[in-house]
Amino acid sequence: MKRFKNKNVMITGAASGIGRAAALRIASENGNVALLDLNIDKLKQVASEIRKKYNVNVVYAQCNIAEFEQTREVIDKLSQDIGGLHSLSHNAGILRCYNTHEMTLDEWNEIISVNLTGTFNVNRHALPHLLKNKCSYLVNTSSIAAEYRHPWMSAYSATKGAIKSFTKSLFIEYCLQGLHANCVMPGSIESDLGSAFRIPEGANPDLIKTLIPFGESKMVSADHVAGAIALLVSDDAFHINGTEITVDGGKIF
């Protein structure tokens, strides 16, 4: 497939997990990619891998998406370097697990600043570039934690629910300007982020059964989430707007 020929897609969190998988998938379909991540060493490896495998344009930069001005500078520079933006896939985020009654304000603020404020920063600064097109695509990565019960993840779940609502607001605000704004909502992912899940000290491990009602769970591949993202940032999603695609293998609660 060459559905991204002559298209430029910005991907955050591109050094690992869903972001890396999305970058490789889009490049494999002939898309030029602009990559952002805080981990510059891993990001360089992803950029090198793409350049070796695919004949596409790749630009990248280190970015702390929690920082408003830094995010603006990086997105503006990469957009200029790659020749404009047609689509955005925003995946960068962190996962922390705490007993809520023991969580400190600093721990709460860390998750909010990266996952929620970071989502605002990235979308805010990418939108002026996207809206230069008659038709553009924006996909934010939320989570099934936005809708289902997840113990020890109150801050994380709050951010993912907010991302879903935020994206719906972008849809109605900019749909008449040609923007398609959607979310992907993955389940538990085989990734560095997914491996950050820990049962807090002193917590009741039986609560894990609320996540795995039948006693076992198959982790979702980042490549399968990348497939949904590739759909939503392409012209194949022309009639998909203001909604979500859940990629969790099917949940029964």
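Just above sits the structure.
Novice: Explain the overall build of the protein to me, please; I cannot follow it from the model alone.
Specialist: When helices and strands are tallied, the protein shows 6 helices and 7 strands. For the protein, the succession of helices and strands along the chain, N to C, is β-α-β-α-β-α-β-α-β-α-β-α-β. When burial is assessed residue by residue, the protein has 50% of its 253 residues classed as buried. Sequence separation of at least 24 residues holds for 75% of the intrachain contacts in the protein that already meet a minimum separation of 6. With an accessible surface of roughly 11900 Å², the protein has 51% of that area assigned to carbon and sulfur atoms.

Novice: Looking at this model, I keep getting lost on the nonpolar core. Mind explaining?
Specialist: Counting residues in hydrophobic clusters, the biggest one holds 35 residues, and the most contacted among them are Ile11, Leu35, Ile50 and Val225. Of all the secondary structure elements, the ones that give two or more residues to this core are strand E1 (8-12), helix H1 (17-28), strand E2 (32-37), helix H2 (40-53), strand E5 (136-141) and helix H6 (222-232). With 29 residues, the next largest nonpolar core counts Leu78, Ile111, Leu127 and Leu179 among its residues.

Novice: What should I look at first to understand the sheet that holds strand E7 (residues 244-247) in this one?
Specialist: In sheet architecture, strand pairing relies on hydrogen bonds along the backbone and comes in two forms, parallel and antiparallel. Across the sheet, 7 strands lie side by side as E3-E2-E1-E4-E5-E6-E7; this open sheet has parallel pairing. The two strands at the open ends of the sheet, each matched to only one other strand, are strand E3 (58-62) and E7. Within the sheet, the average angular offset between the axes of one strand and its neighbour, ignoring direction, is 15°. Of the pairings in the sheet, the one linking E2 to E3 comprises 5 bridges and is parallel in character. Counted as the bridge partner of Leu36 is Ala61 from E3.

Novice: Just checking my understanding: could you explain the packing of H1 against H2 for this structure?
Specialist: For any two helices packed against each other, one specifies the crossing angle of their axes together with the interaxial distance. It is at 10 Å that the axes of H1 and H2 come closest, and there the two elements cross at 20°. Relative to H2, H1 is oriented roughly parallel. In this structure, H1 crosses over H2, and the sense of that crossing is right-handed. Across the interface between the two elements, Arg20, Ala23, Leu24 and Ala27 from H1 touch Val46, Glu49 and Ile50 from H2. Here the residues of the contact of H1 with H2 are counted per class, giving 5 nonpolar, no polar and 2 charged.

Novice: Would you take a moment to explain the environment of Ala237 for this structure?
Specialist: In this fold, Ala237 is placed in the loop between H6 and E7. Residue classification places Ala237 among the buried positions, given a relative accessible area of 0%. Along the chain, Ala237 and Ala181 lie 56 residues apart, while their C-alpha atoms are 10.0 Å from each other. Excluding its chain neighbours within four sequence positions, the residues that come into contact with Ala237 are Tyr137, His180, Leu231 and Leu232.

Calculation criteria
- Residues numbered from 1 in each chain as written.
- Predicted model: local features only at pLDDT ≥ 70, side-chain atom pairs only at ≥ 80, totals over all residues.
- Heavy atoms only, no water.
- Helix = DSSP H or I, 4+ residues; strand = E, 2+ residues; numbered from the N terminus.
- Buried < 20%, exposed > 50% of the residue type's maximum accessible area, 1.4 Å probe, protein only.
- Contact = heavy atoms within 4.5 Å.
- Areas by Shrake-Rupley, 256 points an atom, 1.4 Å probe, with all protein chains shown as cover.
- Core = buried A, V, L, I, M, F, W, Y, C linked by side-chain atoms within 4.5 Å.
- Pairing = 2+ DSSP bridges.
- Axes fitted to C-alpha atoms, helices over the stretch in contact; angles between N-to-C directions.
- Parallel < 35°, antiparallel > 145°, perpendicular 65-115°, else oblique.
- Left-handed = near helix turned anticlockwise from the far one by under 90°.
- Nonpolar A, V, L, I, M, F, W, Y, C, P; charged D, E, K, R; others polar.

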